[in-house]
Structure formats: C-alpha cells, structure tokens
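Residue strings, one per chain:
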Amino acid sequence: MADRTLECQKALVARLRAEVAEVSGRVYDRAPDNAAFPFVEIGDVVTTPLDAQAMRGGEALWQIDVWSRRGGRVEARRIMGAVYDALHWHALALEAGAAVLCRVSARRDMDDPDGVTAHGIVEVTILTDG
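Residues numbered from 1 in each chain as written. Predicted model: local features only at pLDDT ≥ 70, side-chain atom pairs only at ≥ 80, totals over all residues. Heavy atoms only, no water.

### Regarding the nonpolar core
Worth spelling out the cut-off: In these notes, a set of buried Ala, Val, Leu, Ile, Met, Phe, Trp, Tyr and Cys residues joined through side-chain atoms within 4.5 Å is what counts as a nonpolar core. Exposure categories follow from relative accessible area, calculated using a 1.4 Å probe and restricted to protein chains: below 20% of the type maximum is buried, above 50% is exposed, and the middle band is partly exposed. Strands are runs of DSSP state E lasting at least two residues, helices are runs of H or I lasting at least four, and both sets are numbered from the N terminus onward. Note on contacts: a residue pair is in contact if any heavy atoms of the two residues lie within 4.5 Å.
If you look at the biggest cluster of nonpolar residues, it comprises 30 residues, and the most contacted ones within it are Leu16, Trp62, Ile64, Val83 and Val124. Put simply, the parts of the chain that give this core at least two residues each are helix H1 (5-19), strand S2 (39-49), strand S3 (57-68), helix H2 (74-87), strand S5 (99-111) and strand S6 (118-129). With seven residues, the single largest contributor to this core is H2. Beyond its immediate stretch of four places on either side in the chain, isoleucine 64 contacts Leu12, Leu16, Val40, Glu41, Ile42, Val83, Gly120, Ile121, Val122 and Val124. Tyr28, Ala31, Phe39 and Trp67 belong to the second-largest nonpolar core, a separate cluster that totals five residues.

See below:
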C-alpha cells in the first residue's frame, strides 16, 4: 500500500478551508500558540492496509479537532456539523491520481480542562486505492 497520508492531509486541509466558513480558513496541522478561535486541527491518523489479490488500497482513520471558546459547546457543534457536511461521502482527488472516499464515522464533544474551551472531535475514515 502506498502511503497516502500526506496527500490526504493536504486534500483535507484544502476542503475544510474552502467549505467550513465558520473558521475563516483557520485549519492547521498544529495550531500556533496565538491562533484565533475557533479553529480546526488535523489530528492523529491510524492507517490500515486493505489489500486483495488484484487490488491495493488502504483505510485511514483521521481525527479532526474543533476548538471553540464561544457559546459553550454550541459553536463547536455547529463547526462539527460543517465539517461533517464538507467531508461525509465526499470524494477527494489526490495529486497522485488515487481516488479517495471520506466517511464521517463518529462525532463527539467535550469541555477542555481549561474550563473555557470546547473541544469537538470528528472522526473521518478515508478509503484509498493504490
């Protein structure tokens, strides 16, 4: 299986910056210390090969983190909904030409230990070929 994680991350960032207006383009691999709220971070990824006799491919489970400091969890949940709308059953085109399909597999939200920040997590499964 070709490692498509960097290509997938680039496609995820581009898609979220274009489609999730609530964060005004603030989508990061790792947010800077002075990042304005709200914002989205591309978090951890777990990859699994899905190879068959005549086909090679893979599955990657991505964690998309949403961070908000306004409106309790309301703003975070709205942004999580926008992330869902932008990615669920959406096909992403990668530079190498491999087709990928996204599916939101879970969403959850919680209060951050700082007592001010809401943290939303959107888990996205991406299937790749090649």
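### Comments concerning the side chain of serine 68
Spelled out, the test is: Pairs of N or O atoms within 3.5 Å make up the polar contacts considered here, provided that, within protein, one atom can donate a hydrogen while the other can accept it, and that residues adjacent in sequence are counted only when both atoms are side-chain atoms.
Positionally, serine 68 belongs in strand S3. For serine 68, a relative accessible area of 0% corresponds to the buried category. A distance of 3.3 Å separates a polar side-chain atom of serine 68 from the backbone nitrogen of arginine 70. Residues in contact with serine 68, not counting those within four places in the same chain, are Phe37, Pro38, Glu75, Ala76, Val116, Thr117 and Ala118.

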